[in-house]
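Geometric and topological summary
Chain by chain, the residues:
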Amino acid sequence: MYLKPTALKDILIKDYPALSNSSTVAESLSLLVQNNLKAIPIIDKSSHIIGMITGPDILKFVAEGKDINHNISDDLLKEIFIANENSSIFDTWKSHTIISPIIGAVDSHNKFSGIITEGDLLNAYQKQLDFLLEELQLIHNSAYNGMIVVDKRGIIRMFNTIAETISGVMANEALGKEVEQIIPGLDLMKVIQLQKPEINQKLKIGTYSILLNKTPIIYNGEVLGAIGVFQDLTQLESTFKELNDLKAVTKTLEMIFESALEAIVVVDKNCNILYCNQKYADFLKTPKSEVIGKPITRLARKSKLNQTISTGIAEIGKTLKVNNNKTLVVNRIPLKDNYGKIIGAVGVTIFKDIDELKDIAQKFKLLETRVKLYKKELENIRSTKFTFRNFIGKSRVIKEIKKTAIIASKTALPVLIIGETGTGKELLAHAIHQYSPRKEKDFIGINCAAIPKELLESELFGYEKGAFTGARSKGKPGKFELADKGTLFLDEIGDMPLEMQAKLLRVLQEREIERVGGIKPIEVDFRLIAATNQDIEDMVKIGKFRGDLFYRLNAIKINLPPLRERREDIGVSINHFLKNKSKETGKIEITHEAANLLTNYNWPGNVRELNNVLETTLNFIENNRIDIKHLPSYITNLTRKSGIISPSNIKSLSDLEKEAILKTIKFTKGNMAKSSKLLGIHRTVLYKKLKKYEFNILLDSIRRE
């Protein structure tokens, strides 16, 4: 390490007063007394230093009775040492020849810039020397080996920490002592006298066996001393052991390469062969001992490892024709050091002949065919369950909805499906996903009304381990992550809390999330489909739903009308359901009277309620025939009382919902699980509606019955 000395300007007194040669002796005397100065630099009109005037000279001038009001004459001026302010302290002190109380400093234009006293210069010089000695000692102590420096008399001047460890003597005890007194046998005086180094001498110091190098220190032909550098042989032996271990590993690798079925060759950056196994030597038809160190292009002219070194690009599974008309399959891989620099390449012949690939290729083709078959079967299963074919209806409105949904499926825009409970919103969402470019990825659904708002955020965003009490030890991905590259379906989005609506809007805008308890953003790419049975626009007006989120979701809006407003679809739905069930149990028929009764029912639970009623009814029929007597009593009684539906006797949606819930609960005798299943809604939603319509007291009385 080299320490650049501090420049003179770093310790300069820049505001030191100076006088011009036109100043009077009285002015110089006043300046000396007021500022307690020893000397004052005198400069000319160009600010060049022309000398200095000292306190003793002025006092002598006054004592001689001379007129102090006269200008400073040349005979009063003393010579002053002048140095450039950019000069180092070392150079300034070395060139300082004139002894004077002050030293004048000038800038690059030779103009006065300040002064420094001889004392300050000496102190700065001494500090620099001390610092250099400390740095040298630090380097000395940081050395891996023991180091001792002696002068030409054999007196120890430097003694590092490794020397302390090996000798058992502290540096403060050794410094200033004769070296033979501290470590007998070093004999550093011998190399001083002979002025020749002695290398690799073995010596015993206490319990240590050391390897010693001794070198004289010579400067300008004069011997100034000597330095002894020694190393613990125990550490060297450990290094030798590591080398032997490395040789053992190398030997093991050679055994592995020799036992490999492939021919292997390694070349350096100049394409000279560093290693090859016996199979590669046999391939070259050359003894292995004659291969090492030879250019591979001379022994195997068709080798392309030189191109691999030149391009730095690996070649995997390439073919190579050889003289016996065989086609080999080879890998060529560049070798790089830790800095990415190419240092060679390796070539591996992975098959003896390409004919050996035929059997493997045939097996692979068979597996590929099976995978395609399984994939096709999976697509058939998924398409059977989630396509527009399963969205039943022949009414004009259903046909228009299908057209709109098919167009929507080809875009990435959000879709908002609005409709009463049980109209088939989720089925339509599935169909849109299945018809979209994302059909190969997952369809992830979540019911916003069925999950408590405290848990909704962790369900959507996921959480890191330890994010909260009860969290999984490994964390959990949320619905946003699970739907990546696929479709996310948010059912009953009208029940999503406002604060969660704001977070959903940000995800739609930024396309990234952070798990609960996480700090790393995660990019997500999903297609959003939302559904609700509420009037979102009215909710926006009264502040229960964010307007900015609504307009984001409302890119494509699909209104699903209730089943009672498209009665021509009721019969179609009944026939479709019974046709599917007939495949399991044999042909199922329904009487005209039963079908007419079902057609005239208002179906507040819509298609879901219709399917649940038919599913329940099938458990009570005989001879695979549905008659009026098999239908639930709340449907037969209600329909008979109301007669054929007409605009005059249609009840409001809330009244129909109340009536359906009440009849269902009475039918199940208060069994909430069965009631929610028949109504086609989640049990949590059913409890909310019971609270809304104040049915809790009635529920208790039904259960007591």
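Just so it is clear, the structure is predicted and the values come from calculations on it, not from any experiment.

**Observations regarding the overall build of the protein chain**
Within the protein chain, the regular secondary structure consists of 28 helices and 27 strands. When contacts within the protein chain are restricted to residue pairs at least 6 apart in sequence, long-range pairs at least 24 apart make up 57% of them. Accessible surface, the protein chain as shown: approximately 40,600 Å² in total, 53% of it carbon and sulfur.

**A few points about the packing of aromatic side chains**
The full count for this structure, using the stated rule, is seven aromatic pairs. The structure contains a cluster of three or more aromatic residues connected by ring pairs, namely Phe-461, Phe-480 and Phe-526. Stacked on the ring of Phe-526, the Lys or Arg Arg-511 has its end atom at 5.0 Å from the ring centre.

**Quick notes on the pairing of strand E12 (residues 263-268)**
Along E12, six of the six residues are buried, which leaves the element largely enclosed by surrounding structure. Of the two faces of E12, the one holding Ala-263, Val-265 and Val-267 and the one holding Ile-264, Val-266 and Asp-268 are both buried throughout. Hairpin connection from E12 to strand E13 (residues 273-276): four residues lie between these consecutive antiparallel strands, with Cys-271 at a positive phi of about 70°.

**A short note on a nonpolar patch on the surface**
Together, Ile-217, Tyr-219 and Leu-224 make up an exposed nonpolar region whose accessible area comes to about 280 Å². Looking at the secondary structure, you find Leu-224 in strand E11 (residues 222-232).

**Looking at the environment of Asn-447**
With respect to the helices and strands, the residue Asn-447 is situated in strand E18 (residues 443-447). Put simply, Asn-447 and His-682 are 235 residues apart on the chain and 9.0 Å apart in space, counted from C-alpha to C-alpha. When sequence neighbours within four positions are dropped, the list of residues in contact with Asn-447 reads Asp-491 and Glu-492. Here Ala-449 takes part through its backbone nitrogen, which lies 2.9 Å from a polar atom of the side chain of Asn-447.

**Considerations on the packing of helix H16 (residues 453-461) against helix H18 (residues 498-510)**
Where H16 meets H18, the closest approach of the two axes is 11 Å, and the angle between their N-to-C directions is 15°. Overall, the two elements H16 and H18 adopt an arrangement that is roughly parallel. Regarding H16 and H18, the two cross each other, and that crossing is right-handed. Along the contact surface, H16 presents Leu-456, Glu-457, Leu-460 and Phe-461, while H18 presents Met-500, Lys-503 and Val-507. Residues that form the contact of H16 with H18 fall into these classes: five nonpolar, no polar and two charged.

**Some remarks on the pattern of salt bridges**
Scanning the entire structure with this criterion turns up 21 salt bridges. Close ionic contact of Asp-548 with Arg-546 constitutes a salt bridge, the shortest N to O distance being 2.8 Å. A residue is classified by how much of its surface remains accessible, and Arg-546, at 29% relative accessible area, is partly exposed.

**Brief notes about H16**
Within the sequence span of H16, burial applies to Leu-456, Ser-458, Leu-460 and Phe-461. Those residues of H16 that are buried are in contact with E18, strand E19 (462-463), helix H17 (479-482), strand E21 (487-491), H18 and strand E22 (512-513). Phi turns positive, to about 75°, at Gly-462, one or two residues after H16.

**Notes on the sheet that holds E21**
The sheet built from five strands is open, its strands ordered E18-E21-E24-E17-E25 with parallel pairing. Two strands close off the open sheet at either side, each with one partner strand: E18 and strand E25 (556-560). Taken over all neighbouring pairs, the strand axes of this sheet differ in orientation by 15° on average, direction set aside. Where E18 and E21 come together, five bridges link them in parallel fashion. By the bridge assignment for E21, Phe-443 is matched with Thr-487.

**Side note on the environment of Leu-299**
Along the chain, the position of Leu-299 falls in helix H11 (residues 296-299). Taking relative accessible area as the criterion, Leu-299 reaches 28% and is therefore assigned partly exposed. Here the alpha-carbon distance between Leu-299 and Ala-281, two residues 18 residues apart in the chain, equals 9.9 Å.

**Focus on the nonpolar core**
With 32 residues, the main nonpolar core has Trp-603 and Ile-626 as its most contacted residues. Secondary-structure elements contributing two or more residues to this core are helix H21 (568-585), helix H22 (592-600), helix H23 (606-617), helix H24 (633-642), helix H25 (653-667), helix H26 (672-679) and helix H27 (683-692). When sequence neighbours within four positions are dropped, the list of residues in contact with Ile-626 reads Leu-578, Ile-588, Glu-589, Ile-590, Thr-591, Ala-594, Leu-614, Thr-617, Leu-618, Ile-621 and Leu-631.

**Some thoughts on the confidence of the model for the protein chain**
Detailed reading of the predicted coordinates is not advisable wherever pLDDT is low. On average, the protein chain scores 82 in pLDDT, and the residues at 70 or more come to 84%. Mean pLDDT in the protein chain bottoms out at helix H28 (residues 696-704), which sits at 58, and peaks at strand E24 (residues 527-532), which reaches 95.

**Quick notes on the side chain of Asn-160**
Its location among the elements puts Asn-160 in the loop between strand E8 (156-159) and helix H5 (161-167). The class for Asn-160 is buried, based on a relative accessible area of 0%. Here the side chain of Asn-160 touches Met-147 through a polar contact of 3.0 Å, landing on its backbone nitrogen.

**Observations regarding the sheet that holds strand E4 (residues 81-84)**
Here we have three strands laid out as an open sheet, ordered E4-E5-E6, and mixed in their pairing. The open sheet is flanked by E4 and strand E6 (112-117), the only strands paired with a single partner. On average, adjacent strands in this sheet sit at an angle of 35° to one another, irrespective of strand direction. Pairing of strand E5 (residues 102-106) with E6, which is carried by five bridges, proceeds in the antiparallel orientation. Directly across from Ala-105, in E6, lies its bridge partner Gly-114.

**A short note on the packing of H21 against H23**
One can describe the packing of H21 onto H23 by two numbers: an axis separation of 11 Å at closest approach and a directional angle of 45°. It follows that H21 is oblique to H23 by the angle criterion. Judged by the sense of rotation from one axis to the other, the crossing of H21 with H23 is right-handed. Side by side, H21 and H23 meet where Ile-570, Ser-573, Ile-574, Phe-577 and Lys-581 of the first sit next to Leu-610, Asn-611, Leu-614 and Glu-615 of the second. Grouping the amino acids of the contact of H21 with H23 by side-chain chemistry returns five nonpolar, two polar and two charged.

**So, the environment of Leu-428**
The topology assignment puts Leu-428 in helix H15 (residues 425-434). Taking relative accessible area as the criterion, Leu-428 reaches 0% and is therefore assigned buried. Considered as a pair, Leu-428 and Phe-391 are 37 residues apart in the sequence and their alpha carbons are 6.8 Å apart. The residues touching Leu-428, leaving out its near neighbours within four places in the chain, are Phe-388, Phe-391, Ile-401, Ala-405, Ile-417, Ile-558 and Leu-560.

Cut-off values and rules
- Residues numbered from 1 in each chain as written.
- Predicted model: local features only at pLDDT ≥ 70, side-chain atom pairs only at ≥ 80, totals over all residues.
- Heavy atoms only, no water.
- Helix = DSSP H or I, 4+ residues; strand = E, 2+ residues; numbered from the N terminus.
- Contact = heavy atoms within 4.5 Å.
- Areas by Shrake-Rupley, 256 points an atom, 1.4 Å probe, with all protein chains shown as cover.
- Phe/Tyr/Trp six-rings, centres within 6.5 Å; stacked < 30°, edge-to-face > 60°.
- Lys NZ or Arg CZ within 6 Å of the ring centre and 35° of its normal.
- Buried < 20%, exposed > 50% of the residue type's maximum accessible area, 1.4 Å probe, protein only.
- Pairing = 2+ DSSP bridges.
- Patch = residues over 30% accessible without salt bridge, like charges linked within 9 Å, V, L, I, M, F, W, Y side chains within 5 Å.
- Salt bridge = Lys/Arg side-chain N within 4 Å of Asp/Glu carboxyl O.
- Polar contact = N/O pair within 3.5 Å; in protein donor to acceptor, adjacent residues only side chain to side chain.
- Axes fitted to C-alpha atoms, helices over the stretch in contact; angles between N-to-C directions.
- Parallel < 35°, antiparallel > 145°, perpendicular 65-115°, else oblique.
- Left-handed = near helix turned anticlockwise from the far one by under 90°.
- Nonpolar A, V, L, I, M, F, W, Y, C, P; charged D, E, K, R; others polar.
- Core = buried A, V, L, I, M, F, W, Y, C linked by side-chain atoms within 4.5 Å.
- pLDDT = per-residue confidence, 0-100.

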